[in-house]
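Structural description and commentary
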Amino acid sequence: MSKSFFADYKKYIVIPDEEKKVGKKAFDPREFAGHYILTLTIYQPVIKTWEQAEKFNIDPQKSIEKVLEDFNRKHHDLYHLELLELEDQQLYFVLAFSCREKIEKDKTEGLISHIVERLLTNPFYIAQSWYNLTSERGRVERKLFCYSYREYTYDEELKDG
């Protein structure tokens, strides 16, 4: 086969609809019905601060940004996550979690648990190698995070303008 066989490949490029639709659209809180502040820390950590993650070739800032970017691309029609705080001298980080639909109070714990323990843990654990940041017990239990959350409410003035 000659190299010129695919010479006109450019006219066959079709960008997937999902990629076109998501893009780098700015977050608009008015498009979401529920907002929560999540605080996550490593379960039984082997480090005391994020600075020490460097020993394991982990850049927490870049790792979190990558996981959140992927999460938002995959789940943009339902949820949005945004990093609010990550400080080198601490061992927790704070996320804003927004849902398009309002969550019933009795279902909040289950949904947030699903988001943290299933949708976030795997990308951090495997793709970002954060399993190195938890103890042997954490690895055996395949548990990466301890978390807490609180519903975020804001003034109606902000909602309208």
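Residues numbered from 1 in each chain as written. Predicted model: local features only at pLDDT ≥ 70, side-chain atom pairs only at ≥ 80, totals over all residues. Heavy atoms only, no water.

1. Describing the packing of helix α2 (residues 60-75) against helix α3 (residues 105-127)
Heads up, the condition is: Here the axes come from fitting lines to C-alpha atoms, over the contacting stretch only for helices, and the angles between their N-to-C directions go from 0 to 180 degrees. Going along the chain from the N terminus, every DSSP run of H or I of four or more residues is numbered as a helix, and every run of E of two or more is numbered as a strand. Orientation labels follow simple angle bins: below 35 degrees gives roughly parallel, above 145 gives roughly antiparallel, 65 to 115 gives roughly perpendicular, and whatever is left gives oblique. Whether a crossing is left-handed or right-handed is set by the direction in which the near helix is turned from the far one by less than a right angle, anticlockwise for left-handed and clockwise for right-handed. Whether two residues are in contact is decided by their heavy atoms, any of which lying within 4.5 Å being enough. Side-chain classes are defined by residue name, with Ala, Val, Leu, Ile, Met, Phe, Trp, Tyr, Cys and Pro counting as nonpolar, Asp, Glu, Lys and Arg as charged, and the others, Gly among them, as polar.
At a minimum axis distance of 10 Å, the contact between α2 and α3 shows a crossing angle of 125°. Relative to α3, α2 is oriented oblique. Our pair here, α2 against α3, has a crossing hand that is right-handed. Of the residues in α3, those in contact with Ser 63, Ile 64, Val 67, Leu 68, Phe 71 and His 75 of α2 are Ile 115, Leu 119, Leu 120, Pro 123 and Phe 124. Per-class residue counts for the contact of α2 with α3 are nine nonpolar, two polar and no charged.

2. Concerning unusual backbone geometry
Which entries qualify depends on this criterion: When a residue's accessible area, from a 1.4 Å probe over protein chains only, is under 20% of the maximum for its type it is buried; when over 50% it is exposed; and in between it is partly exposed.
One non-glycine residue, Gln 44, lies in positive phi territory at about 40°. Residue position: Gln 44 is located in the loop between β1 (34-42) and α2. The phi torsion at Asn 57 lies on the positive side, around 60°, for a residue other than glycine. Relative to the helices and strands, Asn 57 resides in the loop between β1 and α2. Since its relative accessible area comes to 76%, Asn 57 is described here as exposed.

3. Structural notes on the side chain of Thr 49
On the secondary structure map, Thr 49 appears in the loop between β1 and α2. If sequence neighbours within four positions are ignored, Thr 49 has contacts with Asp 88, Gln 89, Gln 90 and Leu 91.

4. What to know about the nonpolar core
Counted only if it meets this: Residues enter a nonpolar core if they are buried and are Ala, Val, Leu, Ile, Met, Phe, Trp, Tyr or Cys, with the set joined through side-chain atoms within 4.5 Å.
Counting 32 residues, the largest nonpolar core has Trp 50, Phe 93, Phe 97, Leu 120, Phe 124, Trp 130 and Phe 145 as the members making the most contacts within it. Only β1, α2, β2 (79-86), β3 (92-99) and α3 provide two or more residues apiece to this core. The element that contributes the greatest number of residues to this core is α3, accounting for seven residues. Leu 120 has contacts with Val 67, Leu 68, Phe 71, Leu 81, Leu 95 and Ile 115, leaving out every residue within four places of it along the chain.

5. Description of the environment of Gln 44
You can call Gln 44 partly exposed: its relative accessible area is 30%. Taking C-alpha positions, Gln 44 is 7.8 Å from Arg 137, a pair spaced 93 residues apart along the chain. When neighbours within four sequence positions are excluded, Gln 44 is seen to be in contact with Leu 133, Thr 134, Ser 135, Arg 137 and Gly 138.

6. Notes on the pattern of salt bridges
Our working rule: For this document, the term salt bridge refers to a Lys or Arg side-chain nitrogen within 4 Å of an Asp or Glu carboxyl oxygen.
Counted according to the given criterion, the structure contains eight salt bridges. Where Lys 66 meets Asp 70, a salt bridge forms, and the shortest distance between an N and an O atom there is 3.1 Å. With Lys 66 and Asp 70 both in helix α2, this residue pair falls four residues apart, about one helical turn. Across the pair Arg 137 and Glu 141 runs a salt bridge, and its minimum N-O distance is 2.7 Å. Of this pair, Arg 137 and Glu 141 both sit in helix α4 (residues 136-141), separated by four residues, roughly a single helical turn. Relative accessible area serves as the criterion here: at 39%, Glu 141 is assigned to the partly exposed category. The network of salt bridges with shared partners includes Lys 66, Asp 70 and Arg 73.

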